[in-house]
Amino acid sequence: MIIDFHTHVFPDDIADNAVSKLARSAHITPCNDGTLKSLLSAMQKSGVDLSVILPVMTHPKQFRRINEVAAEYNRSYSGRVLSFGGIHPDCDSIEECFRILVDLGFRGIKLHPDYQQVMFNDARYKKIIELACENDMIISVHAGYDLSMGYPAHCSPTMALEILRELKPPKLVLAHCGGFDQWNDVERLLVGQEVYLDLAYTLGFIPEEQLVRIIRHHGADRILFATDNPWQDQANVIRRIQALPIPASDKQKILGDNAGDLLGL
């Protein structure tokens, strides 16, 4: 089973505008139009069995709408996609938000410190992480530099290490191999810690020898195949992983086994 642990989709009525705006600000070209239909088509072509959708909340007022749409994805496309819930650190009642997320059946939440303009070691995020752990939820976090936002990174390896040491979340996933464009600090601070690293928008940017070193020293059982759809092509990322000079058993763990275990499939 192949599982893409990090994808984004947009409702049909806003996808064109949203993807075009993000592409311009980040100076990158998307591989599809960012709709659910295009993701499902890409999955069919690439052989991906399940994609995890990560909704990003940029304002607390989006909470109900974003999570209603995410829950509908899970009801209507069960077995093909699995959407996490979205939450914002400035939501009025974080406890009530979690009650809603649990009632909707989400297995995890997505945080994006850059888009939410809050540092990852802020007390508001720590409260969210504590509640996620209490509810046995996976926490996926954008980590490192964001191409459309610039510096400073709102989730650096140093901040992530603080969270790991203080809160010890068992299901924390740091996107972009622990921190996009901060991989030297990832190696120095995070490799070997009890944390998952996803490979979204990483293959083709990180030096291959450094990625192989991270996989070897961190452990292949805590690395997750991910693409950041619509920003990377699933088939191309799979080919890159298959070409890495690592054991075939490690490739299978990365492409799906680890995600399946983490998701409880």
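Our structure's up above, just so we're on the same page.
Described in the following lines is the structure provided in the data block. Small disclaimer: the values here were computed from a predicted structure and weren't measured.

1. Remarks on the packing of aromatic side chains
(1) Moving on: Summed over all chains, the structure comprises eight aromatic pairs.
(2) Moving on: Relative to Tyr125, the ring of Phe120 lies with its centre 5.9 Å away and its plane at 55°, an arrangement referred to as tilted. Take Phe120 and Tyr125: they sit in the same class, and that class is buried.
(3) Moving on: The interplanar angle of 10° and the centroid separation of 4.4 Å between the aromatic rings of Tyr145 and Tyr151 together place this pair among those described as stacked.
(4) Moving on: Among the aromatic residues, those joined into a cluster by ring pairs are Tyr145, Tyr151, Phe180, Trp183, Tyr201 and Phe205.
(5) Moving on: Against the face of Tyr196 rests Arg222, its NZ or CZ located 4.8 Å from the ring centre.

2. Considering the nonpolar core
(1) Moving on: If you look at the biggest cluster of nonpolar residues, it comprises 81 residues, and the most contacted ones within it are Ile87, Phe98, Ile109, Leu111, Phe120, Leu174 and Phe225.
(2) Moving on: The contact partners of Ile87, leaving out residues within four places of it in the chain, are Met57, Phe63, Ile94, Cys97, Phe98, Leu101, Ile109, Lys110, Leu111, Gln116 and Ile128.
(3) Moving on: Membership of the second largest hydrophobic core comes to 16 residues, among which are Ile3, Phe84, Ala200 and Ala259.

3. A few points about the state of the cysteines
(1) Moving on: Throughout the structure, instances matching the rule amount to zero disulfides.
(2) Moving on: A disulfide-free cysteine, Cys31 has its sulfur positioned 20 Å from the sulfur of Cys177, the nearest such atom.
(3) Moving on: Here Cys31 falls in the partly exposed class, since its relative accessible area comes to 36%.
(4) Moving on: Free of any disulfide, Cys155 has its nearest neighbouring cysteine sulfur in Cys177, separated by 13 Å.

4. Describing the packing of helix α2 (residues 36–46) against helix α10 (residues 234–242)
(1) Moving on: One can describe the packing of α2 onto α10 by two numbers: an axis separation of 8 Å at closest approach and a directional angle of 35°. Within the contact between the two elements, α2 uses Leu39, Ala42, Met43 and Ser46 and α10 uses Gln234, Ala235 and Ile238.
(2) Moving on: Partitioning the contact of α2 with α10 into residue classes produces five nonpolar, two polar and no charged.

5. Considerations on the pattern of salt bridges
(1) Moving on: In total, this model carries 11 salt bridges according to the counting rule given.
(2) Moving on: A cluster of three or more residues bridged by salt bridges with shared partners is formed by Asp90, Asp122 and Arg124.

Reading the values: the criteria
Residues numbered from 1 in each chain as written. Predicted model: local features only at pLDDT ≥ 70, side-chain atom pairs only at ≥ 80, totals over all residues. Heavy atoms only, no water. Phe/Tyr/Trp six-rings, centres within 6.5 Å; stacked < 30°, edge-to-face > 60°. Buried < 20%, exposed > 50% of the residue type's maximum accessible area, 1.4 Å probe, protein only. Lys NZ or Arg CZ within 6 Å of the ring centre and 35° of its normal. Core = buried A, V, L, I, M, F, W, Y, C linked by side-chain atoms within 4.5 Å. Contact = heavy atoms within 4.5 Å. Disulfide = S-S within 2.5 Å. Axes fitted to C-alpha atoms, helices over the stretch in contact; angles between N-to-C directions. Helix = DSSP H or I, 4+ residues; strand = E, 2+ residues; numbered from the N terminus. Nonpolar A, V, L, I, M, F, W, Y, C, P; charged D, E, K, R; others polar. Salt bridge = Lys/Arg side-chain N within 4 Å of Asp/Glu carboxyl O.

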